[in-house]
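Notes for the structure review
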Amino acid sequence: MNNKERLDLAEWAMNYALKTGADESSAVIYNSRDIEIEYRDKKLETMKESTRNSLSLQVYADKRYSGHSTNDLRKDSLEKFIKEAVAGTKYLTRDEFRALPDPKYYPENTDTDLGLTDPGYDKIEASERKNIASEIERVASAQSDLIISATAGYNDSYYEFARVHSNGFKGEGAGTFFTAGASVTVNDKDGGRPEDWYYATSRFRNELPTPEMLGRNAAERALKKIGQKKIESGIYEMLVENRAGSRLLYMLAEPLSARALQQKSSFLDGMLDKPIASDKLTVIDDPFVRGGFGSRIFDGEGIAAKKKMIIEKGVLRNYYVDNYYGKKIGMEPNSGSTSNILFEYGTKSLEDMIKDQKRAILVNGFIGGNSNSTTGDFSFGIVGFLIENGKIVKPVNEMNVSGNAKDFWKSLAEMGNDPYPYSSMKIPTMAFTGVNFSGL
């Protein structure tokens, strides 16, 4: 089935929902192909391929709403499926805010190419996928006799979809992803089994780092953890490595949503155009980054993508407002989900920021923990390194950081110049002052 056929089927399903009693409807036909290779101990352990086709149907009937999905795309099966979906919707409670977005929020042009698809995807052969994974595993395993296990992986995926709404929206999309890397476990003579990983993701196959780089980095990160121990509790300066920083940013994600505002579960309620962080924090949501992992012309509700300032030098400028909750709280919808998250970057690398520290903890991973979107309280387990006089002196683990997000983000002292390249969240290394660590 090509995308033209998907679009035709989506329109048929949407119209059949209207024919059987829906007032409004939207339908998405989605197709994806995912391939996974895993190598461990010089053996090919996993080779999986999955192809999925699905229909996602939203039904609006007499101010009632329901969502349904199926993988059986035969029209005779879909007729029964859609009839039951529409009939079932009428048992739900009426909700005056349930309706498709106003067409004025839909994009005028959905044809812009954001460079999300590798044109060479179909030419990649199974032998190439296997060779990438085996070479990463070989390189990682060869770095030290202390390595107990190295597991290398390679994944690629291709997806296409077509979306239609009964009040006029029609759009299509496609893209590719490639991921490769390794996880490594090493032997610590004191009885521990430190482990770490290094994976990279790209939209284009030729943008993946070399197997040599991926395998070596995974092994080196794990080897550096040998001897890791808990250290004394206290107030420390804190550096957060770029790849770990997303755990902290997610503390803001739920409180920034219109859903949290409507349900009175956001500590950021009433803070629009007020300072919520230090002036070092500027957060921009940009859906138009070419080849970006979160790039899009429209979101999952068909609402036109727009670049927007979320936090400007510490001042909150926008919430994430979806169609439904936007109506409930009287705010214009601007998309309820993130796209590419960019920041105002500093001038220093991680290495330079380490040199600036007299005594600090470099956090390069978070282990468990939670944050409360209503109060802002948080507590996370961490692993990382102790820094003294500008140098890393030993690895640490089993420590906890805790505090309240309302105070914590005001302690942000510096942003690095090293945005993490393998995520839609291009977060750099961050430096915080006066963070409460719990250890011995």
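The present account deals with the structure reproduced in this document.

A positive phi angle is found at Lys 42, which is not glycine, with a value near 65 degrees. With respect to the helices and strands, the residue Lys 42 is situated in the loop between β1 (24–40) and β2 (43–61). Located in the positive-phi region is Asp 273, a residue other than glycine, with phi close to 65 degrees. Assignment of secondary structure puts Asp 273 in the loop between α6 (258–262) and β8 (283–285). Note on Asp 273: relative accessible area 49%, which makes it partly exposed.

Glancing now at the environment of Gly 291. Looking at the element boundaries, Gly 291 is found in the loop between β8 and β9 (308–312). Placed 85 residues apart in sequence, Gly 291 and Gly 376 show a C-alpha to C-alpha distance of 34 Å. The contact partners of Gly 291, leaving out residues within four places of it in the chain, are Leu 114, Gly 115, Leu 116 and Arg 203.

Between helix α3 (residues 126–141) and helix α4 (residues 211–223), the least distance of the axes is 7 Å, while the angle of their chain directions is 40 degrees. Compared by their axis directions, α3 and α4 come out oblique. Both α3 and α4 take part in a crossing whose hand is right-handed. Within the contact between the two elements, α3 uses Ile 132, Glu 135, Ile 136, Val 139 and Ala 140 and α4 uses Pro 211, Glu 212, Leu 214, Gly 215, Arg 216 and Ala 219. Per-class residue counts for the contact of α3 with α4 are seven nonpolar, one polar and three charged.

Next up on the list: the sheet that holds β1. Sheet strands pair via backbone hydrogen bonds, and the direction of the pair is either parallel or antiparallel. Strand order in the open sheet formed by six strands is β3-β2-β1-β4-β5-β6, with antiparallel pairing between adjacent strands. Two strands in the sheet have a free side with no partner beyond their single neighbour: β3 (64–70) and β6 (195–202). If you compare each strand with its neighbour and ignore which way they point, the axes differ by 20 degrees on average. Where strand β5 (residues 170–186) and β6 come together, eight bridges link them in antiparallel fashion. Bridge pairing in β6 places Ser 183 opposite Trp 197. Packed on one face of the sheet, helix α1 (residues 3–19) meets β1, β2, β4 (147–165) and β5 and runs near 60 degrees to β4. The strands that helix α2 (residues 75–89) touches are β2 and β3; relative to β3, the one it contacts most, it runs at about 155 degrees.

With respect to topology, four strands assemble into an open sheet ordered β10-β9-β8-β11, the strand pairing being antiparallel. Where the open sheet ends on each side, the last strands, each with one partner, are β10 (315–316) and β11 (341–343). Bridge count for β8 against β9 is three bridges, and the pairing is antiparallel. Paired with Ile 284 across the two strands is Met 309, which belongs to β9.

In this section: the packing of α1 against α2. The geometry of α1 relative to α2 is characterised by a closest axis approach of 9 Å and an angle of 40 degrees between their N-to-C directions. One finds that α1 runs oblique with respect to α2. Remark: the crossing between α1 and α2 carries right-handed chirality. The segment α1 lies against α2, with Leu 9, Trp 12, Ala 13, Tyr 16 and Ala 17 engaging Lys 75, Leu 78, Glu 79, Ile 82, Lys 83 and Val 86. Residue composition of the contact of α1 with α2, grouped by class: eight nonpolar, no polar and three charged.

All right, on to the packing of aromatic side chains then. On inspection of all chains with the given rule, the structure shows 21 aromatic pairs. An angle of 70 degrees between the planes, with centres 5.2 Å apart, marks the rings of Phe 378 and Phe 408 as edge-to-face. You can see Phe 378 sitting in strand β13 (residues 377–388) and its partner Phe 408 sitting in helix α9 (residues 405–408), a full 30 residues away along the chain. When sorted by exposure, Phe 378 lands in the same class as Phe 408, which is buried.

With that settled, consider α4. The end-to-end C-alpha separation of α4 is 18 Å, in line with the 18 Å expected for 13 residues at 1.5 Å each. For α4, every residue scored as buried is listed here: Leu 214, Gly 215, Asn 217, Ala 218, Ala 219, Arg 221 and Ala 222. Packing partners of the buried residues in α4 comprise α3, β4, β5, β6 and β12 (359–371).

About the criteria used
- Residues numbered from 1 in each chain as written.
- Predicted model: local features only at pLDDT ≥ 70, side-chain atom pairs only at ≥ 80, totals over all residues.
- Heavy atoms only, no water.
- Helix = DSSP H or I, 4+ residues; strand = E, 2+ residues; numbered from the N terminus.
- Buried < 20%, exposed > 50% of the residue type's maximum accessible area, 1.4 Å probe, protein only.
- Contact = heavy atoms within 4.5 Å.
- Axes fitted to C-alpha atoms, helices over the stretch in contact; angles between N-to-C directions.
- Parallel < 35°, antiparallel > 145°, perpendicular 65-115°, else oblique.
- Left-handed = near helix turned anticlockwise from the far one by under 90°.
- Nonpolar A, V, L, I, M, F, W, Y, C, P; charged D, E, K, R; others polar.
- Pairing = 2+ DSSP bridges.
- Phe/Tyr/Trp six-rings, centres within 6.5 Å; stacked < 30°, edge-to-face > 60°.
- Expected span 1.5 Å × (residues − 1).

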